[in-house]
Amino acid sequence: LIEKGFDTEKSSEPFLRHMFTWNFMETLEFSQNDVRAIIETHERETTSIILDATCPQGSELYRAMDEYVRSHIDYPSGEDATTKAVKEIWFTKLPSVLTVYLQRVQFVRQSGEAVKVHGRFEFPFFLHMDRFLAKNRVAASRARSEVVNLRQRLATCSSELLKIYDFVDREKILLEKSPSETDWIDSAYARVLRRLEVASPPQGFDRNAMEQASHLLREMQKAEASEVLALQAAIDELLAREAEAYNEIDGKESYFLFGVFVHDGEPAGGHYIAFIKNLGDDQWTKFSDLNALTLSTEEVSRASFGGTSKASAYSLLYLRNDEIQNRVTDVGDEARSLLPTRIVRDVEAKNKRFTEDLEDAWEKPDQHESIAP
């Protein structure tokens, strides 16, 4: 930042604006008789964004971002009248650090209480922001329309798949990954078939009827297993096409996730945990009160996506990719270059006094019990 012309000794405002401020253009438009008209256009800025993470069935960051930057509203068009309008947000400038809050709390009018939604919300550890920039508006809008269509088809396939799974443990299917997509079908039918093999025919039926029932179930098992594979293949293809929709746009405005803050509990209270990434490798450090533990990326995902417990992420910090590549290796040197000289000197003086007090305490055996190593 010093090389980019920010004099942190004179003023911290340019430095803070560069680090945390999002600039964006907000437009309101409506369509009538196939004619689109812009109602309002505003240039705004913010230091963070808040995404909706209250879907009980789960969601993910890119979908939440799409909902954030494009929404349908009722715009006042006269006395006691409204017009359906579309609000769009296009970012004109992004900061070095993206601060993203995840809104997981809903207010229930009937009870008058705040309720935390524990649905699974996934977020990427490498984030592309090109698709949300004003300079890419035309191409991004075209790609977003394609993605909306793909997601509608994906929802249809997923719904059909859940109908087949309806007679087994749905929650288990959603939360666990089966070694085979048809194992759930096979296991469900197998239990009934085993029972038919050992059970005596009920009154009015003979063994031949039991065998016919078994044959029918086996044919249903084959048909539904085949349908499951076909639906899963369709889902995989749609997901792949969705992931590729922005390939021609994304690439320049990329960010790494380096901070995840988790709340474990309900709105009335709970425990807070921080996960901070070591920018030199893929290791993360979990900070929980006085405890610090090294974790992998996969462990951070399990601890913060939610969906299986009351613990889930409520805040994310992303750092621009080029800031990571160009950053000073030594964190201490980097801090000294960014902070005002008077603050650096004050911290160094306090650290020196603390070190001297600690060394003095350890030289006195009777004080060892009161000083933590």
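Residues numbered from 1 in each chain as written. Predicted model: local features only at pLDDT ≥ 70, side-chain atom pairs only at ≥ 80, totals over all residues. Heavy atoms only, no water.

Caption draft 1: The arrangement of helix 2 (residues 61-69) in detail. Within helix 2, the full set of buried residues consists of Leu61, Tyr62, Ala64, Met65, Asp66 and Val69. Near the N-terminus of helix 2, the side chain that reaches the backbone nitrogen of Tyr62, with its oxygen 3.0 Å away, is that of Glu60. (Buried < 20%, exposed > 50% of the residue type's maximum accessible area, 1.4 Å probe, protein only. Helix = DSSP H or I, 4+ residues; strand = E, 2+ residues; numbered from the N terminus. Polar contact = N/O pair within 3.5 Å; in protein donor to acceptor, adjacent residues only side chain to side chain.)

Caption draft 2: Fine view of the nonpolar core. Formed by 37 residues in total, the largest nonpolar core has its most connected members in Phe91, Phe123, Met129, Val260 and Leu316. Of all the elements in the fold, those that place two or more residues in this core are strand 1 (22-32), strand 3 (49-52), helix 2, strand 6 (81-93), strand 7 (97-103), strand 12 (254-266), strand 13 (269-277) and strand 16 (311-320). Looking at this core, the element that brings in the most residues is helix 2, giving 5 residues. Ranked by size, the runner-up nonpolar core spans 8 residues in total, among them Leu161, Val228, Leu231 and Leu238. (Core = buried A, V, L, I, M, F, W, Y, C linked by side-chain atoms within 4.5 Å.)

Caption draft 3: Looking closely at the packing of aromatic side chains. On inspection of all chains with the given rule, the structure shows 7 aromatic pairs. A ring pair is formed by Phe123 and Phe305, whose centres lie 4.8 Å apart and whose planes are at 85 degrees; its orientation type is edge-to-face. In this pair, Phe123 is assigned in the loop between strand 10 (121-122) and strand 11 (126-128) and Phe305 in the loop between helix 7 (297-304) and strand 16, connecting sequence segments 182 residues apart. There is no split in this pair, since Phe123 and Phe305 are both buried. Where Tyr272 meets Tyr314, the ring centres are 5.7 Å apart and the plane angle is 80 degrees; that geometry is what we call edge-to-face. Linking Tyr272 in strand 13 with Tyr314 in strand 16, this pair joins segments that are 42 residues apart in sequence. Pairwise contacts between aromatic rings join Phe123, Phe125, Trp284 and Phe305 into one cluster. Sitting above the plane of the Tyr62 ring, Arg131 keeps its charged end 4.1 Å from the centroid. (Phe/Tyr/Trp six-rings, centres within 6.5 Å; stacked < 30°, edge-to-face > 60°. Lys NZ or Arg CZ within 6 Å of the ring centre and 35° of its normal.)

Caption draft 4: Geometry of the confidence of the model for the protein. Per-residue confidence for the protein gives a mean pLDDT of 81, with 82% of residues at or over 70. The least confident element of the protein is helix 4 (residues 170-175), whose mean pLDDT is 46; the most confident is strand 7, at 96. Counting contacts from residues 1-10, a segment whose pLDDT is below 50, to residues more than four positions away or on other chains yields 19 contacts. Counted against residues more than four places away or in other chains, residues 367-373, with its pLDDT under 50, gives 8 contacts. (pLDDT = per-residue confidence, 0-100. Contact = heavy atoms within 4.5 Å.)

Caption draft 5: Just the environment of Thr41, in detail. Turning to its location among the elements, Thr41 is positioned in strand 2 (residues 35-46). Spatially, the C-alpha atom of Thr41 lies 7.0 Å from that of Met25, the residues being 16 residues apart in sequence. Among residues more than four places away in sequence, those in contact with Thr41 are Met25, Glu26 and Thr27.

Caption draft 6: The arrangement of a nonpolar patch on the surface in detail. Together, Leu339, Ile343 and Val347 make up a nonpolar patch on the protein surface, roughly 210 Å² of accessible area in all. Its place among the elements puts Leu339 in the loop between helix 9 (331-338) and helix 10 (341-362). Its relative accessible area of 40% is what places Leu339 among the partly exposed residues. (Patch = residues over 30% accessible without salt bridge, like charges linked within 9 Å, V, L, I, M, F, W, Y side chains within 5 Å. Areas by Shrake-Rupley, 256 points an atom, 1.4 Å probe, with all protein chains shown as cover. Salt bridge = Lys/Arg side-chain N within 4 Å of Asp/Glu carboxyl O.)

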